[in-house]
Amino acid sequence: MAAKSQPLRTGFLVHDVSRLRRTVFDQRVKALGITRSQWWVLANLSRHDGEAPMQIELARLLDVGKVTLGGLIDRLEENGFVSRTPDKIDRRSKRVTMSAKGRALVGKMEGIATEMNGHIMRGISMQKQRELQEMLALMKKNLIEMNAVPSSTRTTEKPEGRKSSAQS
């Protein structure tokens, strides 16, 4: 009977760890004057390796509505963290680019995340950390195969080798 409840317990633990981690991260970046929604947009933009995604693609990736994302980008643009430019092919569509100021903010967020991750992983060997990362990457892959992410936003992200981002 215990074997049946284990996957369910694992799902709750993954959710709880993620929620608690976001809460602690929110507390730490509050001094930077940025909200959770705003840092989530910037963290996701930082994963595009300098490519400017379409605003609609970013909305799908973040699982938010176009209007909601538009408001977030408005505020980020007003603060000089991002800019929007018309797409070269479809001028009605906008591409979102992180500015130098935005990249500097992400750098600060990454520093906070690195310090925080060190604390979170305290007492866990590097081998166990690598195993955990591999397991979580496999879980993510399995969820994507179950159509958890719209096909236009799927990535084949490798556990290692990609630039880290503040909330990876």
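In this report, we go over the structure that sits alongside the text.

Definitions and cut-offs
Residues numbered from 1 in each chain as written. Predicted model: local features only at pLDDT ≥ 70, side-chain atom pairs only at ≥ 80, totals over all residues. Heavy atoms only, no water. Axes fitted to C-alpha atoms, helices over the stretch in contact; angles between N-to-C directions. Helix = DSSP H or I, 4+ residues; strand = E, 2+ residues; numbered from the N terminus. Parallel < 35°, antiparallel > 145°, perpendicular 65-115°, else oblique. Contact = heavy atoms within 4.5 Å. Patch = residues over 30% accessible without salt bridge, like charges linked within 9 Å, V, L, I, M, F, W, Y side chains within 5 Å. Areas by Shrake-Rupley, 256 points an atom, 1.4 Å probe, with all protein chains shown as cover. Salt bridge = Lys/Arg side-chain N within 4 Å of Asp/Glu carboxyl O. Left-handed = near helix turned anticlockwise from the far one by under 90°. Nonpolar A, V, L, I, M, F, W, Y, C, P; charged D, E, K, R; others polar. Phe/Tyr/Trp six-rings, centres within 6.5 Å; stacked < 30°, edge-to-face > 60°. Buried < 20%, exposed > 50% of the residue type's maximum accessible area, 1.4 Å probe, protein only. Lys NZ or Arg CZ within 6 Å of the ring centre and 35° of its normal.

### Digging into the packing of helix α3 (residues 55-62) against helix α4 (residues 66-78)
Then step 1. Where α3 contacts α4, the two axes come as close as 9 Å, and the packing angle between them is 110°. On the basis of their axis angle, the class for α3 and α4 is roughly perpendicular. Contacts between α3 and α4 involve Q55, I56, L58, A59 and L62 from the former and K66, L69, G70 and I73 from the latter.

### Overview of a nonpolar patch on the surface
Then step 1. On the surface, V14, L132, M135, L136 and M139 cluster together into a nonpolar patch covering about 390 Å² of accessible area.
Then step 2. With respect to the helices and strands, the residue M139 is situated in helix α6 (residues 126-145).

### Concerning the packing of helix α2 (residues 36-46) against α3
Then step 1. Axis separation between α2 and α3 bottoms out at 11 Å; the angle between their running directions is 110°. Between α2 and α3, the crossing angle belongs to the class labelled roughly perpendicular. Regarding α2 and α3, the two cross each other, and that crossing is right-handed. From α2, W40, V41, N44 and L45 reach across to α3, where they touch L58, L61 and L62.
Then step 2. Residues that form the contact of α2 with α3 fall into these classes: six nonpolar, one polar and no charged.

### Digging into the packing of aromatic side chains
Then step 1. Overall, the coordinates contain two aromatic pairs when judged by the stated rule.
Then step 2. Judged by centre distance (4.6 Å) and plane angle (75°), the rings of F25 and W39 are edge-to-face. Residue F25 is located in helix α1 (residues 2-29), and its partner W39 is located in helix α2; the two are separated by 14 residues in the primary sequence.
Then step 3. Taking the relative accessible area as the measure of exposure, F25 reaches 0% and is therefore buried.
Then step 4. Where W39 meets W40, the ring centres are 6.0 Å apart and the plane angle is 85°; that geometry is what we call edge-to-face.
Then step 5. With relative accessibility at 31%, the residue W40 sits in the partly exposed group.
Then step 6. The positively charged end of K101 is found above the aromatic ring belonging to F81, 5.1 Å away from the centroid.

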